[in-house]
Amino acid sequence: MLSLANITALNIEVSARCNANCVFCSRGQKARKYGTHLISPDDFKHIPDTFVEKLRWVSFGGNFGDLCSNSGFPEIVNHIRRLNPHAVLEGDTNGSHQDERWWTSLGPSFKQGAMIVAIDGLEDTGGLGLLLVRRLVVRDLVGRREVGNEVAVILVPPRRVDA
């Protein structure tokens, strides 16, 4: 029987905002728009401490939006770490928001897990948009190298823009 006592993993979407229009993203397959919802650090703190303390794994998906569009994300991560220093944290992002300091602040919390940076193009930009984003991400990886054990950058062809 499912109960809170048996749940040891959490997949949470801290944002419904995203600036990309990735070909493989499920956002484009949904029947309704997601809006611009964010889970604030105060909202997250409504999750009972005893629940967070026993989690083994926390994933910050990216199915609804991008975690880096939530400026309060580091505070959420720090709250989890204060309550549960052993949980494995993972995240998926296009990495296009925030500065090096913001990303570097996440490094200690993701050492056991991973932060996946995946990009496949921005809306209405075609191949040029992909090249611009690639340059920005490669430039900013200096800050991201402290995030997790490794950073994976996945580049696939952008959505075809028909004339």
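Please read all numbers here as calculations on a predicted model, not as lab measurements. (Residues numbered from 1 in each chain as written. Predicted model: local features only at pLDDT ≥ 70, side-chain atom pairs only at ≥ 80, totals over all residues. Heavy atoms only, no water.)

A. Representation of the overall build of the protein chain. Per the secondary structure count, the protein chain includes five helices and five strands. The linear arrangement of helices and strands in the protein chain, starting from the amino end, is β-α-α-β-α-β-α-β-α-β. Accessible surface, the protein chain as shown: approximately 9,500 Å² in total, 55% of it carbon and sulfur. (Helix = DSSP H or I, 4+ residues; strand = E, 2+ residues; numbered from the N terminus. Areas by Shrake-Rupley, 256 points an atom, 1.4 Å probe, with all protein chains shown as cover.)

B. View of the pattern of salt bridges. Evaluation of the coordinates by the stated rule reveals one salt bridge. With a shortest N-O distance of 3.3 Å, E75 and K45 are connected by a salt bridge. A residue pair is termed long-range when its members are at least 10 positions apart, and E75 in helix α3 (residues 73–83) and K45 in the loop between α1 (41–44) and α2 (49–53) qualify at 30 residues. By relative accessible area, which is 39% here, E75 ends up partly exposed. (Salt bridge = Lys/Arg side-chain N within 4 Å of Asp/Glu carboxyl O. Buried < 20%, exposed > 50% of the residue type's maximum accessible area, 1.4 Å probe, protein only.)

C. Looking closely at the nonpolar core. Judged by nonpolar contacts, the single largest core of 22 residues is most densely connected at I12, F60, L67, F73, I80, L106 and F110. Those elements that place two or more of their residues in this core are β1 (9–12), α2, β2 (57–60), α3 and α4 (100–106). (Core = buried A, V, L, I, M, F, W, Y, C linked by side-chain atoms within 4.5 Å.)

D. Broad picture of the side chain of S15. Here S15 lies in the loop between β1 and α1. Residue classification places S15 among the buried positions, given a relative accessible area of 3%. Separated by 2.9 Å, the side chain of S15 and the backbone nitrogen of R17 make a polar contact. When near neighbours in sequence (up to four residues on either side) are disregarded, S15 contacts H37, L38, F64, G65, D66, S69 and N70. (Polar contact = N/O pair within 3.5 Å; in protein donor to acceptor, adjacent residues only side chain to side chain. Contact = heavy atoms within 4.5 Å.)

E. Quick look at the side chain of E13. Note on placement: E13 falls in the loop between β1 and α1. Its relative accessible area of 16% is what places E13 among the buried residues.

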